[in-house]
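Chain by chain, the residues:
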Amino acid sequence: MERKRSDIIADTIEGLIFDGTFPDGARLDEVQLAERFEVSRTPVREALQRLALTGLTEQIPRRGVFVRQPGPVELLEMFEVMAELEAVCARLATARISDQALAQLDAINAECALAVAAQDHGAYYSANERFHALIYAQSGNAFLEQEAKRLQRRLQPFRRMQLRARGRLQQSMSEHEEVVKTLAAQDGARAADVMRAHVAVQGEKFHRLVGMLKAAE
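The shown structure was predicted, so the numbers you read here are calculated from the model rather than taken from an experiment. (Residues numbered from 1 in each chain as written. Predicted model: local features only at pLDDT ≥ 70, side-chain atom pairs only at ≥ 80, totals over all residues. Heavy atoms only, no water.)

K.L.:
Help me understand the overall build of the protein chain in this model?
P.N.:
Of regular secondary structure, the protein chain possesses 10 helices and three strands. Reading the helices (α) and strands (β) of the protein chain from amino to carboxyl end gives α-β-α-α-β-β-α-α-α-α-α-α-α. Taken over C-alpha atoms, the radius of gyration comes to 18 Å for the protein chain, in line with the 17 Å a tight globule of 217 residues would show. Across its three principal directions, the C-alpha atoms of the protein chain cover 55 × 35 × 35 Å. Looking at the protein chain as a whole, 49% of its 217 residues are labelled buried. Relative to all contacts within the protein chain whose residues are 6 or more apart in sequence, the contacts with residues 24 or more apart total 73%. (Helix = DSSP H or I, 4+ residues; strand = E, 2+ residues; numbered from the N terminus. Rg over C-alpha atoms; globule rule 2.2 N^0.38 Å. Buried < 20%, exposed > 50% of the residue type's maximum accessible area, 1.4 Å probe, protein only. Contact = heavy atoms within 4.5 Å.)

Pasting the structure below:
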């Protein structure tokens, strides 16, 4: 499926924010961005709206759209909550997941393996999103699924950035395989622990992420 132009622009702006081209607090001008990407203002506006949903930009009435990156404490707190939400999703899914969904997770993991081999971070993240979304759905709790999706969107740029750390793709792939094993074994406690560790940003993972953010300042 061909990606929407606004999604491509959003991903490009996200990259420009993280590489320091657009620093924290910078104003993102629709007209200038439309000229930069050689498009009308409509896809640029849609891209900025998508970035606002993740919290990476902020719309200030009568002033415009500005880059906003969370500080280390706020980021750590969000990942802490995300890890717990996903742990609950995994625990509930062990008793509710269908055989078809388990087969889908295996198929997605096969895509992830190909992306790891090619060191294609974009393809890996796309498959990774579908992997996690399927587990949210298989929790069998619609409210939990929506809350997990909401916070996942907020953390999307930072989860994507983490995958660029050296060796993280391979590590994430191994963790995915362990998650599927615990779901198939219907081991709720183990599934929650594995998923929590997979998502949580703590210790060395946290220091690496903060280091990558600082490098973009």
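K.L.:
How should the pairing of strand S3 (residues 64-67) be read in this particular structure?
P.N.:
On a regular strand, each side chain points to the face opposite its neighbour's, so the side chains alternate between the two faces of the sheet. Sheet topology note: the strand S1 (residues 27-28)/S3 ladder contains two bridges and is antiparallel. Bridging across to S3, Leu-28 finds its partner in Val-65. In the sheet, strand S2 (residues 57-60) pairs with S3 via four bridges, with the strands oriented antiparallel. Note on S3: the bridge partner recorded for Glu-58 is Phe-66. Linking S2 to S3, which pair antiparallel, is a turn of three residues; within it Arg-62 sits at a positive phi near 65°. (Pairing = 2+ DSSP bridges.)

K.L.:
Just to check I follow, could you spell out the packing of helix H5 (residues 99-118) against helix H6 (residues 121-138) for this structure?
P.N.:
Relative orientation and spacing of two packed helices are given, respectively, by the angle between their axes and the distance between those axes. At a closest axis distance of 8 Å, the pairing of H5 and H6 adopts a crossing angle of 165°. Of the possible angle classes, the one that applies to H5 and H6 is roughly antiparallel. Note on packing geometry: the crossing formed by H5 with H6 is left-handed. Contacts from Ala-101, Gln-104, Leu-105, Ile-108, Asn-109, Glu-111, Cys-112, Ala-115 and Val-116 in H5 reach Ala-123, Tyr-124, Ala-127, Asn-128, Arg-130, Phe-131, Leu-134, Ile-135 and Gln-138 in H6. Split into classes, the residues belonging to the contact of H5 with H6 amount to 12 nonpolar, four polar and two charged. (Axes fitted to C-alpha atoms, helices over the stretch in contact; angles between N-to-C directions. Parallel < 35°, antiparallel > 145°, perpendicular 65-115°, else oblique. Left-handed = near helix turned anticlockwise from the far one by under 90°. Nonpolar A, V, L, I, M, F, W, Y, C, P; charged D, E, K, R; others polar.)

K.L.:
Where do I start with empty space enclosed by the protein in this structure?
P.N.:
To find leftover empty space, a probe the size of one water molecule is rolled over the atoms. Across all of its chains, the model carries two cavities of 30 Å³ or more by this definition. Looking at the largest cavity, its volume works out to about 110 Å³. Lining of the largest cavity is provided by Phe-79, Tyr-125, Asn-128, His-132, Arg-159, Gln-162, Leu-163, Arg-168, Ser-172, His-198 and Val-199. Elements represented by at least two residues in the lining of the largest cavity include exactly H6, helix H7 (142-162), helix H8 (168-184) and helix H9 (188-199). Its residues placed into classes, the lining of the largest cavity shows four nonpolar, five polar and two charged. (1 Å grid on protein atoms, 1.4 Å probe; cavity = no way out; pocket = protein on both sides within 12 Å on 5 of 7 lines; lining within 4 Å. Points joined across faces, edges and corners; volume = space filled by probe spheres on them.)

K.L.:
Would you mind showing me how to read helix H2 (residues 30-37) here?
P.N.:
Since the α-helix packs 3.6 residues into each turn, any two residues three or four apart lie on the same face. Three or more residues of H2 are buried, namely Glu-30, Leu-33 and Ala-34. For H2, the angular spread of buried residues about the axis comes to 105°, placing them on one side. Opposite the buried face of H2, at more than 90 degrees from it, the exposed residues are Gln-32 and Glu-35. A positive phi of about 55° marks Glu-38, the residue just after H2. (Arc of directions from axis to C-beta.)

K.L.:
Looking at this model, I keep getting lost on the pattern of salt bridges. Mind explaining?
P.N.:
As a working rule, side chains carrying opposite charge can pair if their charged atoms are close by. Evaluated as defined, the whole model comprises 17 salt bridges. Between Arg-160 and Asp-11 there is a salt bridge, and its shortest N-O distance comes to 3.6 Å. In this pair, Arg-160 sits in helix H7 while Asp-11 sits in helix H1 (residues 5-18), placing the two residues 149 residues apart along the sequence. Assessed through its relative accessible area of 18%, Arg-160 is described here as buried. The residue Arg-27 makes a salt bridge to Asp-29 at a minimum N-O spacing of 3.0 Å. Each of Asp-7, Asp-11, Glu-14, Arg-50 and Arg-160 takes part in one network of salt bridges that share partners. (Salt bridge = Lys/Arg side-chain N within 4 Å of Asp/Glu carboxyl O.)

K.L.:
Before we go on, may I ask you to explain the nonpolar core in this structure?
P.N.:
The biggest cluster of nonpolar side chains holds 61 residues, and the ones touching the most others in it are Ile-13 and Ile-135. In terms of residue count, helix H4 (residues 72-96) provides more of this core than any other element does, 10 residues in total. If near-sequence neighbours (up to four positions away) are discounted, Ile-13 is found in contact with Phe-22, Leu-28, Leu-33, Phe-37, Leu-48 and Leu-51. (Core = buried A, V, L, I, M, F, W, Y, C linked by side-chain atoms within 4.5 Å.)

K.L.:
Could you clarify how one ought to interpret the sheet that holds S2 in this entry?
P.N.:
Through backbone hydrogen bonds, the strands of a sheet pair up, either in parallel or in antiparallel fashion. The sheet built from three strands is open, its strands ordered S1-S3-S2 with antiparallel pairing. Pairing within the sheet leaves two strands with one partner each, and these edge strands are S1 and S2.

K.L.:
Teacher, can you tell me more about the state of the cysteines here?
P.N.:
Cysteine pairs can be covalently joined through their sulfur atoms, and such a bond is termed a disulfide. Scanning the entire structure with this criterion turns up zero disulfides. Free of any disulfide, Cys-89 has its nearest neighbouring cysteine sulfur in Cys-112, separated by 18 Å. (Disulfide = S-S within 2.5 Å.)

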